[in-house]
Amino acid sequence: MGQRLGGHVLLIVALSALGWGAVRWALFSWNSVVEYRSPYLGVELPPPPPTPPLTDRVVLVVIDGLRRDTAAAAMPTLQQLAGRGARYVVRVGEPSLSYPGWTVIGSGAWQSLSGVTTNWFQGPVPVDSVFQEARRAGLRVVGAGTGGWGELFGPGFDRLEVPDVPLERPEEVDRLDEAILARGLDLLKDPQARLILIYFAGPDEYGHAFGGASPAYREIVRRTDERLARVAAAMDLRRGTLIVTTDHGHIDTGGHGGWEPIVKEVPLVMAGKGIRVGVEGQGTQADIAPTVAALLGIPIPVHAMGRPLMGPWRGRRRRWMPLLGLPRSSELC
């Protein structure tokens, strides 16, 4: 984030050479994004009704900055999970930055509604989230990650573990992710935890430092897959559901925030109880929170703009389960 902020500072310095008018224009453009607040949050919306739960617990793994092509080539565990469940390509919103992406994943609300448009947003988010809906329903919500998750969604967690591991160099992110993994594995032992977030930062740090097409980036993705394998091994997928996704991808030279397909088209894999095997499809990042809610049998966040990712009914006719009301099968996707 420091590199990106430095880039904007350099841009403003460069524009100053063109005159004060250019600087004012640059500051206005910058503030119009950073200080954006949605005009659509003043209406009280009733939550959708809950439905019967399809799983005992959901473990949501968010891998920051994961490219779709590198995930396919360097993550055998993720591919095995996809073979045991459902595989989607989901489209992220713009700007394709981390805080905005995390907000969409947790709430189902796009950037234009949530107002979370940069990594400098100071939370908590002004929209409903699946974490809050789970807590309102009496479910225990826990997580392991970085402080940004607490900044955005702190009120939605009963317990959020944030290891104190400073990152002075990108290579040290392994220490952070190992600490997060240890905390996440400990949270998985909590029999009362029904919604568990585990966040890994490594691929994003390496993408910025070395480029999204670099051998170093591919190697950190491989190591992240090994951590994912330990998470999957600690779960009973006959009773729980594992969901793995990312906030955005990375361009070849490193970076994100724009509209490039390698940044905006990202993987979503779901396996375990409530997930139909062999489903492949496309969706949006805004569909993740409604899908988690449907699996847990809790109301969809009221500001969600996506829908649960639902698969076809079994039978000779390929019909689709209703998006609202009771599902006709014990499987969702």
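Scoring rules and cut-offs
- Each chain carries its own residue numbering, running from 1 in the written order of its sequence.
- The predicted nature of this model means local features are confined to residues of pLDDT at least 70 and side-chain atom pairs, given and counted, to a pLDDT of 80 or more, with totals for whole chains, interfaces and linings taken over all residues.
- Excluded from the side-chain calculation are hydrogens and water; included are all heavy atoms of the structure.
- The secondary structure listing takes helices from DSSP runs of H or I that are at least 4 residues long and strands from runs of E that are at least 2 residues long, numbered from the N terminus.
- Here the term buried applies to any residue with accessible area under 20% of the maximum for its type, exposed to any over 50%, and partly exposed to those in between, with areas from a 1.4 Å probe on protein chains only.
- Note on areas: Shrake-Rupley with a 1.4 Å probe; residue coverage comes only from the protein chains shown.
- Paired strands are those between which DSSP finds at least two bridges.
- To define axes, lines are fitted to C-alpha atoms, for helices over the stretch in contact only, and angles between the resulting N-to-C directions are given on a 0 to 180 degree scale.
- In these notes the angle categories are as follows: under 35 degrees is roughly parallel, over 145 is roughly antiparallel, 65 to 115 is roughly perpendicular, and the rest is oblique.
- Throughout, a contact is declared for two residues whenever any of their heavy atoms are within 4.5 Å.
- Put simply, Ala, Val, Leu, Ile, Met, Phe, Trp, Tyr, Cys and Pro go in the nonpolar bin, Asp, Glu, Lys and Arg in the charged bin, and everything else, Gly too, in the polar bin.
- Between Lys or Arg on one side and Asp or Glu on the other, a salt bridge is scored when a side-chain nitrogen of the former is within 4 Å of a carboxyl oxygen of the latter.
- Expected span of a helix, by definition, is 1.5 Å for each gap between consecutive residues, and there is one gap fewer than residues.
- Between 30 and 60 degrees the pair is tilted, below 30 it is stacked and above 60 it is edge-to-face, where a pair is any two Phe, Tyr or Trp rings, Trp via its six-membered ring, whose centres lie within 6.5 Å.

S.K.: Just give me the short version of the overall build of the protein chain, but keep the residues and values in it.
M.R.: On a plain count of helices and strands, the protein chain comes out with 13 helices and eight strands. Going through the 333 residues of the protein chain one by one, you find that 55% of them count as buried. Here the protein chain has roughly 14,700 Å² of accessible surface; of this, 55% comes from carbon and sulfur atoms.

S.K.: Tell me what's going on with the sheet that holds strand E3 (residues 140-144), and back it up with residues and numbers.
M.R.: If you walk across this open sheet you meet the eight strands as E4-E3-E5-E1-E6-E7-E2-E8, and the pairing is mixed. The two strands at the open ends of the sheet, each matched to only one other strand, are strand E4 (159-161) and strand E8 (279-284). Taken over all neighbouring pairs, the strand axes of this sheet differ in orientation by 15 degrees on average, direction set aside. Relative to strand E5 (residues 193-200), strand E1 (residues 57-63) is paired through six bridges, and the arrangement is parallel. Bridging across to E5, valine 61 finds its partner in isoleucine 198.

S.K.: Explain the packing of helix H9 (residues 173-188) against helix H10 (residues 202-210) residue by residue, including any values.
M.R.: Running from N to C, H9 and H10 cross one another at 170 degrees; their axes reach a closest spacing of 9 Å. What the angle tells us is that H9 and H10 run roughly antiparallel. Residues Val173, Asp174 and Asp177 of H9 lie in contact with H10, whose contacting residues are Gly202, Glu205 and Tyr206. For the contact of H9 with H10, the class distribution of residues is two nonpolar, one polar and three charged.

S.K.: Before we move on, can you summarise the pattern of salt bridges with the specific residues and values?
M.R.: Taken as a whole, this structure holds 23 salt bridges when the rule is applied. Of the charged contacts in the structure, one is a salt bridge between aspartate 158 and arginine 135, with a shortest N-O distance of 3.0 Å. A residue pair is termed long-range when its members are at least 10 positions apart, and aspartate 158 in the loop between helix H8 (147-153) and E4 and arginine 135 in helix H7 (residues 130-136) qualify at 23 residues. Judged by its relative accessible area of 35%, aspartate 158 falls in the partly exposed class. Taking relative accessible area as the criterion, arginine 135 reaches 34% and is therefore assigned partly exposed. Residue aspartate 186 is joined to arginine 159 by a salt bridge in which the shortest nitrogen-to-oxygen separation is 3.3 Å. Here arginine 159 lies in strand E4 and aspartate 186 lies in helix H9, a separation of 27 residues in the sequence. A residue is classified by how much of its surface remains accessible, and aspartate 186, at 39% relative accessible area, is partly exposed. Owing to a relative accessible area of 28%, arginine 159 belongs among the partly exposed residues under this scheme.

S.K.: Describe helix H11 (residues 215-233), listing the residues and the values that go with them.
M.R.: Helix length check: H11, at 19 residues, gives a terminal C-alpha distance of 27 Å against a target of 27 Å (1.5 Å per residue), a fit within 8%. What H11 keeps buried is the set Tyr217, Ile220, Val221, Arg223, Thr224, Asp225, Arg227, Leu228, Val231 and Ala232.

S.K.: An account of the packing of aromatic side chains is needed here, citing residue identities and associated values.
M.R.: Evaluated as defined, the whole model comprises eight aromatic pairs. Each ring, one from tyrosine 99 and one from tryptophan 102, has its centre 5.3 Å from the other, and the planes form 40 degrees; the classification is tilted. Of the two residues, tyrosine 99 and tryptophan 102 are both situated in helix H5 (residues 98-107); the distance of three residues between them amounts to about one turn of the helix. Counting every residue linked through ring pairs, the aromatic cluster contains Tyr99, Trp102, Phe131, Trp149, Phe153, Phe157 and Tyr199.

S.K.: Any details on unusual backbone geometry? Residues and values, ideally.
M.R.: For the bond from glutamate 94 to proline 95, the omega torsion is 0 degrees, close enough to zero to count as cis. Structurally, the position occupied by proline 95 is in the loop between strand E2 (86-91) and H5. Here glycine 123 and proline 124 are connected by a cis peptide whose omega angle stands at 5 degrees. Here proline 124 is to be found in the loop between helix H6 (111-114) and H7.

Keep in mind these values describe shape, not function.
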